[in-house]
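So you can see what is in the structure, the chains are spelled out below.
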Amino acid sequence: MKRITMRDFNWMGKPSVWHKDYRQLSLTVDGHMSLPHGPLLLAVSDEQFLFEATISVPSPGCFSGLCIYHLDSTYAALGRSRSQLETHTCIASHTSHTVVDLPTEAEELIYSLKRTGNRLYIGCRQTKEEHTTWTAEVSLPGIELSVSFGPYFTNSGDQPYEGWMHTVRYAKQG
């Protein structure tokens, strides 16, 4: 079994200011950053797995969450701000972006990603004691053998914000 740790994540769209060690990631998210070119940190797995990470929840106008990535033209993401939930899908450069009002006072959320067969499930919760609410079920072309996944951070405003990820957990399933 391959064990994925913080060291296995590599930047795509590296931020100008960041720090990553074996326990956590902190970064400054510059203005006008969006998927798939904004800060995106990816690991790769070919297993059935459950991944969890605690990720910051930014102010309105900014989002952070989990992204499943194959190419710039094929990816899916689920993220939150303090006021909204967003989903992104892009398949063969055809995009869908949905934002719904869903306020939270949480400064961070525990995101989960489960890979079962060719299906991926993304969800989040506020505490370790809660059950994950699977918000999105995804199957993307090109991820049958392996999948790239990890946190993303966006910022539609002018002012930078501080984001983070910690408490990474990866467990092989089945």
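Before any of the text, the structure's been laid out above.
This write-up is about the structure you can find in this document.

Calculation criteria
Residues numbered from 1 in each chain as written. Predicted model: local features only at pLDDT ≥ 70, side-chain atom pairs only at ≥ 80, totals over all residues. Heavy atoms only, no water. Core = buried A, V, L, I, M, F, W, Y, C linked by side-chain atoms within 4.5 Å. Buried < 20%, exposed > 50% of the residue type's maximum accessible area, 1.4 Å probe, protein only. Helix = DSSP H or I, 4+ residues; strand = E, 2+ residues; numbered from the N terminus. Contact = heavy atoms within 4.5 Å. Salt bridge = Lys/Arg side-chain N within 4 Å of Asp/Glu carboxyl O. 1 Å grid on protein atoms, 1.4 Å probe; cavity = no way out; pocket = protein on both sides within 12 Å on 5 of 7 lines; lining within 4 Å. Points joined across faces, edges and corners; volume = space filled by probe spheres on them. Nonpolar A, V, L, I, M, F, W, Y, C, P; charged D, E, K, R; others polar. Pairing = 2+ DSSP bridges. Axes fitted to C-alpha atoms, helices over the stretch in contact; angles between N-to-C directions.

### Quick notes on the nonpolar core
Residues F51, I68, L113 and F149 are the most contacted members of the largest nonpolar core, which totals 37 residues. For this core, the leading source of residues is strand β5 (residues 49-56), giving 4 residues. When neighbours within four sequence positions are excluded, I68 is seen to be in contact with Y75, A76, L113, L120, I122, V138, L140, V147, S148 and F149.

### Focus on the pattern of salt bridges
Working definition: two side chains of opposite charge can pair if their charged atoms are close together. Under the counting rule described, the total for this entry stands at 4 salt bridges. For E52, the salt bridge goes to R169, with nearest N and O atoms at 3.4 Å. Placement of E52 in strand β5 and of R169 in strand β14 (residues 161-172) is noted, with a sequence separation of 117 residues between them. R169 gets classed as partly exposed once you look at its relative accessible area, which sits at 41%. One salt bridge in this structure joins E137 and R119, with 2.8 Å as the shortest N-O distance. Pair noted here: E137 is in strand β12 (residues 133-138) and R119 is in strand β11 (residues 119-125), with a separation of 18 residues, a long-range link. Its relative accessible area of 46% is what places E137 among the partly exposed residues. Within this structure, E52, R125 and R169 form a network of salt bridges that share partners.

### Notes on the layout of surface pockets
If you add up the space inside the largest pocket, you get close to 200 Å³. Looking at the largest pocket, the residues that line it are R80, L85, L102, T104, L109, C124, R125, Q126, E130, H131, T133 and T135. Listing elements by their share of the lining of the largest pocket, those giving two or more residues are β11 and β12. Taken together, E52, A53, T54, E108, I110, R125, K128, H166, T167 and R169 form the lining of the second largest pocket. Of all the secondary-structure elements, those providing two or more residues to the lining of the second largest pocket are β5, β10 (108-116) and β14. Across the lining of the second largest pocket, the residue classes break down as 2 nonpolar, 3 polar and 5 charged.

### Some thoughts on the sheet that holds β11
Sheet strands line up and pair through hydrogen bonds in the backbone, either parallel or antiparallel. Here 7 strands make up an open sheet; going across it, the order is β2-β3-β14-β5-β10-β11-β12 and the pairing antiparallel. Among the strands making up the open sheet, the edge pair consists of β2 (17-20) and β12. Between one strand axis and the next, the sheet turns through 20° on average, direction left out of account. In terms of strand pairing, β11 meets β12 through 5 bridges, oriented antiparallel. Note that in β12 the partner of C124 across the bridge is T133.

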